[in-house]
Amino acid sequence: MQGVIGFGGFSPVRRTLIGAMEALSNSERQRRIEKARQLGRDTRLGRMHVAGPEDTEPAAPDPARPGLATGLATGLAPGLAPYCMIQAGPGQKLTRAPLAERQLAPHEVRIGVRACGVCRTDLHVIDGELPNIAYPIVPGHEVVGRIDQLGSDVFDLAIGQRVGVCWLAATCGRCRYCTTGRENLCDEASFTGYTSPGGYASHIIMDSRFVIPLTPEGDDAGDAPLLCAGLIGWRSLQRVGDGQNIGLYGFGAAAHIALQILLYQGRKVFAFTRADDHASQSFANRLGASWAGSSEERPPEDLDAAILYAPVGALLPAALRAVRKGGRVICAGIHMSDIPSFPYAILWGEREIVSIANVTRADAKSFFPAARKADVRVHTRSYPLLEAERALADLRSGRLQGAAVLIP
Ligand SMILES: [Zn+2]
Ligand SMILES: [Zn+2]
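Residues numbered from 1 in each chain as written. Chains lettered and ligands numbered in written order. Predicted model: local features only at pLDDT ≥ 70, side-chain atom pairs only at ≥ 80, totals over all residues.

> What's the story with the overall build of the chain in this structure? I'm lost.
Helices and strands together make up the secondary structure of the chain, namely eleven helices and 18 strands. Looking at the chain as a whole, 49% of its 408 residues qualify as buried. Relative to all contacts within the chain whose residues are 6 or more apart in sequence, the contacts with residues 24 or more apart total 72%. (Helix = DSSP H or I, 4+ residues; strand = E, 2+ residues; numbered from the N terminus. Buried ≥ 20, exposed ≤ 12 C-beta atoms within 10 Å, placed from the backbone. Contact = placed C-beta atoms within 7 Å.)

> It is not clear to me how the nonpolar core should be interpreted in this structure. Could you clarify?
Side chains of a nonpolar character, in soluble globular proteins, are inclined to be buried together. Residues Leu 248, Leu 308 and Ala 319 are the most contacted members of the largest nonpolar core, which totals 115 residues. Sort the elements by how many residues they give to this core and helix H7 (residues 253-264) lands first, with eight residues. Those residues in contact with Leu 248 that lie beyond four places of it in its chain are Ala 255, Ala 258, Leu 259, Val 269, Ala 271, Phe 272, Ile 307 and Tyr 309. (Core = buried A, V, L, I, M, F, W, Y, C linked by C-beta atoms within 7 Å.)

> When you look at the sheet that holds strand E14 (residues 303-308) in this model, what are you seeing that I'm missing?
Sheet strands associate in pairs through backbone hydrogen bonding, adopting either a parallel or an antiparallel arrangement. Strand order in this open sheet of six strands is E13-E12-E11-E14-E15-E16, and the pairing throughout is parallel. This sheet does not close on itself; its edge strands, each paired only once, are strand E13 (291-294) and strand E16 (352-355). Strand-to-strand twist of the sheet, defined as the mean angle between neighbouring strand axes without regard to direction, takes the value 20°. Bridging between strand E11 (residues 245-249) and E14 involves four bridges; their strand directions are parallel. Considered in E14, the bridge of Leu 248 is made with Ile 307. (Pairing = 2+ DSSP bridges. Axes fitted to C-alpha atoms, helices over the stretch in contact; angles between N-to-C directions.)

> Would you mind going over helix H6 (residues 229-237) with me for this structure?
What sets the pattern is the α-helix's 3.6 residues per turn: residues three or four places apart point alike. With nine of nine residues buried, H6 is to be regarded as a mostly interior element. Buried within H6 are the following residues: Ala 229, Gly 230, Leu 231, Ile 232, Gly 233, Trp 234, Arg 235, Ser 236 and Leu 237.

> What is the right way to look at helix H8 (residues 278-287) in this model?
Turning to H8, its buried residues are Ser 280, Gln 281, Phe 283, Ala 284 and Leu 287. Down the axis, H8 shows its buried residues gathered within 160° of arc, on one side only. In this structure, the buried side of H8 is in contact with H7, strand E12 (268-273) and E13. Of the residues one or two after H8, Gly 288 is the one with positive phi, at around 115°. (Arc of directions from axis to C-beta.)

> When you look at the packing of H6 against H7 in this model, what are you seeing that I'm missing?
Think of two packed helices as two axes; the pair is described by the angle between the axes and how far apart they sit. Relative to each other, H6 and H7 sit at 55°, their axes nearing to 8 Å. As the angle between them shows, H6 and H7 are arranged oblique. Crossing geometry of H6 relative to H7 is assigned as right-handed. Here Ala 229, Gly 230, Ile 232, Gly 233, Ser 236 and Leu 237 of H6 come into contact with H7, specifically with Ala 253, Ala 254, Ile 257, Ala 258, Ile 261 and Leu 262. Residue composition of the contact of H6 with H7, by class: nine nonpolar, three polar and no charged. (Parallel < 35°, antiparallel > 145°, perpendicular 65-115°, else oblique. Left-handed = near helix turned anticlockwise from the far one by under 90°. Nonpolar A, V, L, I, M, F, W, Y, C, P; charged D, E, K, R; others polar.)

> For this particular structure, what's the right way to read unusual backbone geometry?
Backbone phi values are negative for most residues with the exception of glycine, while trans is the configuration of most peptide bonds. Cis peptide bonds are those with omega within 30 degrees of zero, and the linkage from Tyr 135 to Pro 136 qualifies with -5°. Counting through the fold element by element, Pro 136 comes out in the loop between helix H4 (120-126) and strand E5 (143-150). Its identity as a non-glycine residue notwithstanding, Glu 350 has a phi of 60°, on the positive side. For Glu 350, the location among the structural elements is in the loop between strand E15 (323-331) and E16. In this structure Glu 350 comes out as exposed when scored by C-beta crowding, with 9 C-beta atoms within 10 Å. Phi is positive for Asp 375, close to 50°, though the residue is something other than glycine.

> When you look at the pairing of strand E2 (residues 83-86) in this model, what are you seeing that I'm missing?
Two faces, one strand: in a regular strand the side chains alternate between the faces of the sheet. Across the two faces of E2 the burial is the same, with Tyr 83 and Met 85 and Cys 84 and Ile 86 all buried. Pairing of E2 with strand E3 (residues 95-100) involves four bridges; the strand directions are antiparallel. Looking at the pairing, Met 85 lines up with Arg 96 of E3.

> Even after reading the chapter, I still don't get the packing of H6 against helix H10 (residues 361-373), so can you show me in this structure?
Contact geometry of H6 with H10 gives a least axis separation of 10 Å together with a crossing angle of 95°. Relative to H10, H6 is oriented roughly perpendicular. Each of Gly 230, Leu 231, Trp 234 and Arg 235 in H6 lies in contact with H10, whose residues at this interface are Asp 363, Ala 364, Phe 367, Ala 370 and Ala 371.

> Got a minute to help me understand the confidence of the model for the chain in this structure?
Where the model shows low pLDDT, its predicted coordinates should not be examined in detail. In the predicted model, the chain carries a mean pLDDT of 84, and the fraction of residues at 70 or more is 81%. Ignoring residues within four places in sequence, the model shows residues 35-72, a span with pLDDT below 50, making 85 contacts including any to other chains. (pLDDT = per-residue confidence, 0-100.)

> What should I look at first to understand the environment of Ala 255 in this one?
Of note, Ala 255 is situated in helix H7. On the neighbour-count criterion, Ala 255 (30 C-beta atoms within 10 Å) is buried. Measuring from C-alpha to C-alpha, the distance between Ala 255 and Ile 232 comes to 9.5 Å, with 23 residues separating the pair along the chain. Residues in contact with Ala 255, not counting those within four places in the same chain, are Leu 248, Gly 250, Ala 271 and Tyr 309.

> Looking at this model, I keep getting lost on the environment of Pro 408. Mind explaining?
Looking at the element boundaries, Pro 408 is found in the segment after strand E18 (403-407). Overall, the presence of 25 C-beta atoms within 10 Å leaves Pro 408 in the buried class. The spacing of Pro 408 and Leu 386 is 22 residues in sequence and 7.5 Å in space, taken between C-alpha atoms.

And the structure:
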C-alpha cells in the first residue's frame, strides 16, 4: 500500500471551539487562513446537502465558487456539477442525483471524492437489512479525497489535503463508551453512508474531527478499501490472541487485507470460501494462505482463532468445530443471517464467540502504520461511480477478488 501519515494534528473528540481557538496562536491561525486564501478557496462557504432523486438536473456551475465550478479537488471534468448516487428506499436502484447546496457548519469540511470503496455493508444498507436507514441514502464509507472547503473553525486540516473518511461519522463524546475508548459502541453515533450521506458522490461533507489525514501522495483507489475493509480487518485481528493458526471465513476485501498482516506477523492463514468459489481459493493461495477450501470442510490443522467475514450464520458452528479448545470465533460483520442451533459440546472447552462492531479513530491511528509495515497491497477493481449498481452486483455474486472501488 501507499504510506499513510499519522494523526499529529488530529482533534480530540469533544474539543470545544474555544479550546480549538486557544490551541493555535493568533499568528498561526492567521497564517493558515492566509494560506487558504492563497489557494483561492472560500474557507467558510460549504454548500451541499444530499438532494432527493426527484430533484431537477444539476445547476450550472457558479464561477463565483471556483471549488464547485472547476472540479479541481475531485478530478471532475470542468463544468461538471457535484452529484451522487442515491437510493430512495430499500431494494430500489441507485440513481444519479445532484448534490444541493448548504452552508458548512463551523467544524465541517467538504471533501472532493477521488475514490470510494464498495463494502458488503453497502449491500446490507441497499437491501434494507439494517435498522434506521436515513432514506434517501447515499451509500459509501471508504472514501479517499481532497479537502476543498473548510468550516470557519477548522484549523488542523488544509485545503487540498488528502484525507480519508470511514464508517464512523460522529459520536456523542460524552457517554460511557465514548469516554472509555469505545466510541465504536456510542448509542448516538452516526455512520457514513448509513445514517449520514456517504461517498458514492463527487463530494462529501464531514465533521472534521472524524476525517482521517492521509499521506499527500498515494493510490486513491488502492487506499479506499483500507478505510473499512482494512480497519474492520484490523479491529478483528486485535481479538485473535497470539495463536498461530488463523481461519478466515469469507475471502473478500477485508480477509485479503487481514491475511497480509497475519502473514507479516508470522502466522498461518486458512481461507474458507463458498464450496464452488475456486477463484477466491486460488486468490488466497496466491497471497500466501497455507490452505484454502470450502467452508464446509475441516481445515488440515486445528485453528487457534477464526474470523467470520461472510454474513452467514451457519458458518459460526462450522468455525467453532474448527477451532481448538480455548479458541475464539470472531464475527466481524454488521449483519448476519440467523445462527442455527448447535450442540453445547462445540462451544465447551472455553471456546469463545465475540463480535466486532464498527471502528474507532484509534483503530485508524494504529492500523495505517501497521499496514505500511506489512506492505499491504489492496487488490481492486475500479468502476465509474455511475456504474455503482454493476459493482454491487459483482460483489453480491462473489465474482470479485479483492475490493471494488467507485471513481467519480
Ligand atoms: Zn464497510
Ligand atoms: Zn457516545
